[in-house]
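The primary structure of each chain is shown beneath.
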Amino acid sequence: MVQSENSSGLPTEDQDLEAAAQESRDESDVESRLLDNGKTYDKEKEAGNNLNGDESTPKKGKSKKKKQKSEQERLITAEINRLLEESPLEKNVTCGFWIFKGKFYQRFANQTAYVLLYGIVGCIFSMTYAYFNGTITTIEKRFKIPSKNTGIISVGNDISQTLVSAVLAYYAGKGHRPRWIGFGLLTIVCFCVLTTTPHFLYGPGEDALALTSEFGGLPDENATMEAIEEQRTKTLCRLNGGGAECEVGEGNFAPQLLLFVAQFISGIGGSLYYTLGVSYMDDNTKKSKTPALLSLSYFLRMLGPAIGYALASFCLRLYIAPQMHPVINNKDPRWLGAWWLGWLVMGGLLSFSGVFLSMFPKELPRAVARRKVEENRRREKERLSLKNKEKETLTAELDQKTPTEAKASFQDMLKTFRRLITNKTYMCNTLSSIFYLVGYTPYWIFTPKYIEVQYRQSAATSSMVTGTVALAFSAVGVLLSGFIISRYKPRARYMAAWNVIVGFLTVAGILAYAFIGCPGNESSVIVNIHDSSLTGNATTCNSACSCDYVRYSPVCGENNMTYISACHAGCKRLHVNSEGKKVFYDCSCIPSDETTNTTSQFKRLTSDDLYSDNINLDTSMATPIEALANGQAMPGACPVNCWTQFVAFLAVMCCLKFVGASGRASNFLVSVRCVPEKDKTAAMGFGMTLCSMLAFIPSPIFFGWVFDRVCLVWGKTCTNKGNCWLYDPLSMRYTLNFTAAVFIAIGAIFDLGVWYYAKDLKIFDEDVKEVEMKIVQHEEEANNEKNTEI
């Protein structure tokens, strides 16, 4: 919209702002004269007070400065409100598109609505990753996908972020960022649709359909128990063959390709959401409010994984074909849950919320008004300090000082990346983040497994600890740090110093992990695998049992030692009493001497109990009376009291979660303030590219290799070795934690570099204003001295 100009050559709107600024300047001149007249008296009074030991004057000075600052802020707020009311609605601040525009939509063009919607979208987005992890075993079972292929599928998003994050962030950062975020969310909706597509292309599968009444399945209450018993008996020692068979073949390759493409597309949307969304928030909010708003959005995103796992649990309770009637229940090992259903729910929520997020204007109206007011005030200050220059010449110079944003081009993109690479503060901060991410990788991925292996806690307990307790401490740390930074506005060097402290505290906590072990757990497992390549033709207690393909299903012998499975313990028979309790007996690898029976809760079978045993696995096996001469075992690992060590581990973990989360807001603020304003979005995209390339992709592979090095027992497949069944707890604890501590210590050293180079970095608007006010005051004092001399 073209504005009319007055005789002075300034737009009408600027003239109004100049008049308001002139009135404010006149008031400040009156105040300065009063202060100048009372300067001599104040100096004499201050000297007298200092002689008498009175320190009230400095306190009064501080309170006076606070009053002046609050009064100045009040005047700026009033000026912004007036400008919002009088200025016409321009295109770049208009909320909505097409027919979805107007006063109703415009009222949502504010920072509060954006932060809440951005956090809710982030919550749904993070749900997708948790839901994928919660349903991956069902997907593997349905489409016969090996675990190694699942690992390749899961890094598809990291590969795409490595390839496109930097370029997309540069070009999209110079455009309409909310629209680009909406496009990114559209790709995430495509990710949800593509992930569920294999179900609609290939259906539930013949095996699942055969277990429904519509396809001839007969309801049988004993069918589930028979399937469970059949699976269980395969873990027993079979002297004449017939043991567990190897897993053969892989499923169709097409569903695996679809899943990989879906993950690849999600990386594009994720890079747009994270880089553009946070930079838009920072550019359109007051700098002092950014930490609190950023922490609130982090908190909302943290809720996503917990909700995602809950949704996965609910969907997997439904049959894979919900419209049909299965003849089995969800305890049956053949059960397949409705893994595809949650993707439709999350895709619908993302498409709905993504439309609203893309309706935000290119710039929020209040942010534009604040920038105009601050720019006008800056020009007024420069006019005051340069009174001897002609007004028209000064106006032309000020217009030349106004930065003009360069158009997006390949050459400018290369220049931008060159500026980022040569920015020492930025590169130190980015390298620090990379080493932190590498060091934290095993705890993000393997914490439940680590707790199960080290402290013998159930999978449910492990998931509950990592998903609820740790989440609560992280949430408190994020929220508290954000509000503290917004309240006290620490300088950049203080925040960088806190990041260094966080790094070394994390190293200390991880080293503490290495010494919190459970001695009883580390010495209670017997690994007795018969390997003919090592033992030759030597006969062992289980060499004739055909245990090569028996899955890891530990049993506790009466000697209070844990065996890999009933087959590896040489157990040939299974007894189930009327109460459903199971006892393996006739175990050739377990000594039967009652003096070795140190398990107080173990009750040996007697000849009377064996009459109810209806399982007759092999006629060549020993008679029941002879079977009692060998050892016995119960399902499950032998109980080991690791509760004290587990509580200690949990306490350290909660402290680390809290301390680590408290550094997220300060780390972000340093990373976006150490680069020019025009390079902020590109810096976030470039940083994401480096983190994906150097941390997210290689670190799971590296720590997977570390875990493989401490494996005691490997499973077998028909063509190769399978997954690791049993890890060495002691070696795992030392190797994993010491390795992670080294990476995080390197990251803390780079944080020291950030602390060194951030000494002149300005974080908040107040920091910049104080510098400008000092310059203006210095120039005014110089002018006053010249006038006095004249």
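Residues numbered from 1 in each chain as written. Predicted model: local features only at pLDDT ≥ 70, side-chain atom pairs only at ≥ 80, totals over all residues. Heavy atoms only, no water.

Asker: Outline the environment of Met281, listing residues and values.
Answerer: Its location among the elements puts Met281 in helix α11 (residues 253-283). Judged by relative accessible area, Met281 falls into the buried class, the value being 2%. Spatially, the C-alpha atom of Met281 lies 9.6 Å from that of Leu364, the residues being 83 residues apart in sequence. (Helix = DSSP H or I, 4+ residues; strand = E, 2+ residues; numbered from the N terminus. Buried < 20%, exposed > 50% of the residue type's maximum accessible area, 1.4 Å probe, protein only.)

Asker: Could you give an account of the packing of helix α5 (residues 111-143) against helix α8 (residues 177-202), with specific residues and numbers?
Answerer: Relative to each other, α5 and α8 sit at 20°, their axes nearing to 12 Å. Taken together, the axes of α5 and α8 are roughly parallel relative to one another. Seen from above, α5 lies across α8 with left-handed handedness. Contact residues: α5 offers Tyr114, Val121, Phe125, Thr128, Arg142 and Phe143, while α8 offers Ile181, Leu185, Ile188, Phe191, Cys192, Pro198, His199 and Tyr202. Of the residues assigned to the contact of α5 with α8, the class counts are eleven nonpolar, two polar and one charged. (Axes fitted to C-alpha atoms, helices over the stretch in contact; angles between N-to-C directions. Parallel < 35°, antiparallel > 145°, perpendicular 65-115°, else oblique. Left-handed = near helix turned anticlockwise from the far one by under 90°. Contact = heavy atoms within 4.5 Å. Nonpolar A, V, L, I, M, F, W, Y, C, P; charged D, E, K, R; others polar.)

Asker: Describe the pattern of salt bridges, with residues and values.
Answerer: Applying the stated rule across the entire model yields eight salt bridges. As a salt-bridge pair, Glu363 and Arg371 come within 2.7 Å of each other at their nearest N and O atoms. What makes Glu363 partly exposed here is its relative accessible area of 23%. Counted as one network, the salt bridges with shared partners bring together Arg177, Asp282, Asp283, Arg673, Glu677 and Lys680. (Salt bridge = Lys/Arg side-chain N within 4 Å of Asp/Glu carboxyl O.)

Asker: Would you mind going over the packing of helix α17 (residues 424-455) against helix α27 (residues 698-709) in detail, with residue names and values included?
Answerer: Axis separation between α17 and α27 bottoms out at 9 Å; the angle between their running directions is 70°. Looking at the two axes, α17 sits roughly perpendicular to α27. In this structure, α17 meets α27 at a crossing whose hand is right-handed. On α27, the residues touching Val438, Thr441, Pro442, Ile445 and Phe446 of α17 are Ser699, Pro700, Phe703 and Phe707. Broken down by class, the residue content of the contact of α17 with α27 amounts to seven nonpolar, two polar and no charged.

Asker: Hey, could you go over the pairing of strand β8 (residues 631-635) for me, with residue numbers and the actual values?
Answerer: Judged by how many residues are buried, β8 sits mostly within the fold: four of five residues are covered. Bridge count between strand β4 (residues 555-557) and β8: three bridges; the pairing is antiparallel. Looking at β8, one finds that Gly557 is bridged to Ala633. Both strand β7 (residues 582-587) and β8 contribute to a ladder of two bridges, which runs antiparallel. Note that in β8 the partner of Cys587 across the bridge is Gly631. (Pairing = 2+ DSSP bridges.)

Asker: Just give me the short version of a nonpolar patch on the surface, but keep the residues and values in it.
Answerer: On the surface, Phe504, Ile749, Leu752, Trp755, Tyr756 and Tyr757 cluster together to form a nonpolar patch covering roughly 580 Å² of accessible area. Looking at which element gives the most residues to the nonpolar patch, the answer is helix α28 (residues 729-757), with five residues. Structurally, Tyr757 is set in helix α28. (Patch = residues over 30% accessible without salt bridge, like charges linked within 9 Å, V, L, I, M, F, W, Y side chains within 5 Å. Areas by Shrake-Rupley, 256 points an atom, 1.4 Å probe, with all protein chains shown as cover.)

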